[in-house]
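Survey of secondary and tertiary structure
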Amino acid sequence: MSVSLCEHVRMRSARQDDFILTTNNLTKEFKGFVAVNAVGLKVRRGEIHALIGPNGAGKTTCFNLLTKFLEPTHGTIHFNGIDITHEKSAQIARRGVVRSFQISAVFPHLSVLENVRIALQRGLGTSFHFWKSERTLEVLNERAMSLLTDVGLQEYAQMIAVEMPYGRKRALEIATTLALEPELMLLDEPTQGMGHEDVERVMQLIKKVSANRTILMVEHNMKVVAGISDTITVLARGAVLAEGDYATVAADPQVIEAYMGTEQTEAVAH
Amino acid sequence: MKMPKIHFGYLTLFVALLFAPFIVYPVLMMKVMCFALFACAFNLLLGYTGLLSFGHAVFLGTGAYVTGHVLKEWGWPTELGLLAGTLSASVLGLVIGALAIRRQGIYFAMVTLALAQMVYFLFVQAPFTGGEDGLQGIPRGTLLGVVDLADDQSLYYFVLAICVGAFWLIHRTIHSPFGQILKAVRENEARVVSLGFDVAKYKLVAFVLSATLAGLAGATKVLVFKFATLTDAHWHTSGEVVLMTLLGGMGTAFGPVVGAGVIISLQSELADKVGSLVTVIMGGIFVVCVLAFRRGIVGEASALYQRITGR
């Protein structure tokens, strides 16, 4: 009930033309191979926006361009109307665009609590203070614990991250990302390689954290895409093939062809 | 539970070091301490930031030459001489670091090696280093104009104080807010970037800190031996510090000290017995270390301890 209510509020508050992130003619060429071709992406504020497409469609490359882990060959990226095309990755993160990675990106040999605390440390402004004790970071523990509680990891706070099962590492990654209170969260295949139960849990988690923020995610699991996304952009061979809500996209003959039916059947089966 | 035990261990060691010069030849002890400091400085970069610098000897050499020069030629007081050597290494660290951190992994190592070699050839040519002869007969001077450091025992305690102070600084750095970020960079650099940290700046600060402490080790070493030579800045020495750190245990606070102790004592024991074969023996130790105990002596020992006590 509360989820659907949230959703309604969000849908209503999201003005049709209020775009948090737009790209224009975004292109990336690797020595003649065009990985991303003139993509014009428009992400509406407050939505969960899914980026899907067959393997090699350029989804992750697109993510890397948006967060400047790769330099675009042509095109522009605007966040909240500001041109961020030429900014550095860390700068973009500080603006409130925070990404996750395809392979779980935790700090494996730090504790779960420390993982989240790293993200919170930026706000403290003592990150260069090599003469201070790490005990000065304990003021952040409370906030870190509350973030861990949000993702259901409060019992694992003292565990070394590497010792946790995969699904929990992804949850930890989301907690770390949330610590920065990003306006726009970019999730790269958040449910990849997960068992059925974990997929369900992470899906609910994404739904939960999408309140008050925008999420752009690359996702392969059609169940997740159909279940929680408001808008879907389909990429194929580096270009936008179709865009719209799940029903529109799923009915698009070009999309069906690109996927050769496989993922569609799977989605229906679920 | 664990912390007091470690503190107790350090305290025991400190007391042992206080009495060591009555049993062991103090100059050998001081040499071990200087290299232990050098290896700890290097470990701050390799073990806690994940950066393999292959030109660290140049900072040791710079510290040694500058301190040697200002003490011998300009007659500066000992304390100022140490400071000059140390700060020169910081400045050089800033320059080399700023250039090298633009590259990663093996390229970082290669850039540091190349730049260090450039400085090395500068040392070969420059008149103030004495070229192949090096700087000889450098006066140790006095401490605050009171304690005569020409006496090996007095110098020993001075060197011990420097090393303990530097070791404390490294310990503090590792366990500081800054150290947390360094460890995160070592673990997953891309993730740290994605969290909005300018990783390059953190690496640079770590590099400069490491270079500074390596310079301090070189400057202190000059006081001990009263000479500075090209060996200090040679790439062999850069390789040796890698060996010391890996053998003792990379990324452990105390590993490099053990590594330096083992290597230096072996070298001084073996030098007059096997001659140049010592290089072969060092190589053999390196191979065994990499194949059999990758975590190094301290790393393996603490892993064993944890297994026995069941953590």
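Structural data are supplied above this passage.
Residues numbered from 1 in each chain as written. Chains lettered and ligands numbered in written order. Predicted model: local features only at pLDDT ≥ 70, side-chain atom pairs only at ≥ 80, totals over all residues. Heavy atoms only, no water.

1. A closer look at the overall build of chain B
Put simply, the rule reads: A run of H or I in DSSP becomes a helix once it reaches four residues, and a run of E becomes a strand once it reaches two; helices and strands are each numbered from the N terminus. For the radius of gyration, the atoms used are the C-alpha atoms, and the globule rule reads 2.2 Å times the number of residues raised to 0.38. Here the term buried applies to any residue with accessible area under 20% of the maximum for its type, exposed to any over 50%, and partly exposed to those in between, with areas from a 1.4 Å probe on protein chains only. Residue burial considers only the protein chains on display, and all accessible areas are found by Shrake-Rupley using a 1.4 Å probe. His residues and chain termini do not enter the charge count, which takes Lys and Arg as positive and Asp and Glu as negative. The atoms used to mark charge sites are NZ of Lys, CZ of Arg, CG of Asp and CD of Glu.
The helix and strand inventory of chain B stands at 13 helices and two strands. A compact globule built from 311 residues would reach a C-alpha radius of gyration of about 19 Å, and chain B, at 19 Å, matches this within 12%. Burial status across chain B gives 53% buried among its 311 residues. Summed over its atoms, the accessible surface of chain B is roughly 13,700 Å², and 71% of this surface lies on carbon and sulfur atoms. Of the side chains in chain B, 20 bear a positive and 15 a negative charge, and the two mean positions are spaced by 15 Å.

2. A short note on the nonpolar core
Quick reminder of the rule: By convention a nonpolar core is built from buried Ala, Val, Leu, Ile, Met, Phe, Trp, Tyr and Cys residues, the set being connected through side-chain atoms within 4.5 Å. In this document the domain limits rely on a domain assignment from an automatic tool or a database. Only heavy atoms enter the contact rule, under which two residues are in contact if any of them lie within 4.5 Å.
Formed by 148 residues in total, the largest nonpolar core has its most connected members in A:Val116, A:Leu148, A:Leu172, A:Met217 and B:Phe59. Each of domain 1 (2-96 + 182-269) and domain 2 (106-181) of chain A accounts for three or more of the residues forming this core. Other than its neighbours up to four places away in sequence, A:Val116 contacts A:Ala144, A:Leu147, A:Leu148, A:Leu172, A:Ala175, A:Thr176 and A:Ala179. Counting 23 residues, the second largest nonpolar core, distinct from the first, contains A:Leu41, A:Leu51, A:Leu65 and A:Phe79.

3. Things to note about the pattern of salt bridges
Once the charged atoms of two side chains with opposite charge are near each other, the side chains can pair. Residue and element names in this part refer to chain A. To be explicit about the condition: Salt bridge, as used here, is a side-chain nitrogen of Lys or Arg placed within 4 Å of a carboxyl oxygen of Asp or Glu.
In this structure the tally under the stated criterion is 14 salt bridges over all chains. Note that Arg 95 and Glu 87 form a salt bridge whose closest N and O atoms lie 2.7 Å from each other. Arg 95 gets classed as partly exposed once you look at its relative accessible area, which sits at 34%. A relative accessible area of 13% means that Glu 87 is categorised as buried. Across the pair Glu 181 and Arg 143 runs a salt bridge, and its minimum N-O distance is 3.2 Å. With Glu 181 in the loop between α6 (166-178) and β8 (184-188) and Arg 143 in helix α5 (residues 141-150), this residue pair connects regions lying 38 residues apart in the sequence. Under the relative-accessibility criterion, Glu 181 is labelled exposed at 52%. Three or more residues are tied together by salt bridges with common partners; here these are Asp 18, Arg 45 and Glu 183.

4. Things to note about the packing of aromatic side chains
Spelled out, the test is: Only rings of Phe, Tyr and Trp enter the pairing, Trp through its six-membered ring, and a pair is recorded when the two centres are within 6.5 Å. The plane angle decides the type: under 30 degrees is stacked, over 60 is edge-to-face, the rest tilted. Lysine NZ or arginine CZ positioned within 6 Å of the ring centre and within 35 degrees of the ring normal marks a charge as sitting over the ring.
Under the counting rule described, the total for this entry stands at 16 aromatic pairs over all chains. Summarising the aromatic geometry, the rings of A:Phe69 and A:Phe101 are spaced 5.7 Å apart at their centres and angled 85° between planes, so their arrangement reads as edge-to-face. With A:Phe69 in the loop between α2 (59-66) and β5 (74-79) and A:Phe101 in the loop between β7 (97-99) and α4 (112-124), the pair connects residues that are 32 residues apart, well separated along the chain. A residue is classified by how much of its surface remains accessible, and A:Phe69, at 28% relative accessible area, is partly exposed. Here A:Phe101 falls in the buried class, since its relative accessible area comes to 14%. Aromatic pair B:Phe59 and B:Phe207: ring centres 5.7 Å apart, planes at 80°, arrangement edge-to-face. Residue B:Phe59 is located in helix α3 (residues 57-72), and its partner B:Phe207 is located in helix α9 (residues 199-225); the two are separated by 148 residues in the primary sequence. By the ring-pair criterion, three or more aromatic residues cluster together here, those being A:Phe128, A:Phe130, A:Trp131, B:Phe178, B:Phe197 and B:Tyr202. Cation over ring: A:Arg99 sits above A:Phe69, and NZ or CZ is 5.0 Å from the ring centre. One Lys or Arg, A:Arg99, reaches over the ring of A:Phe101 and ends 4.3 Å from the middle of that ring.

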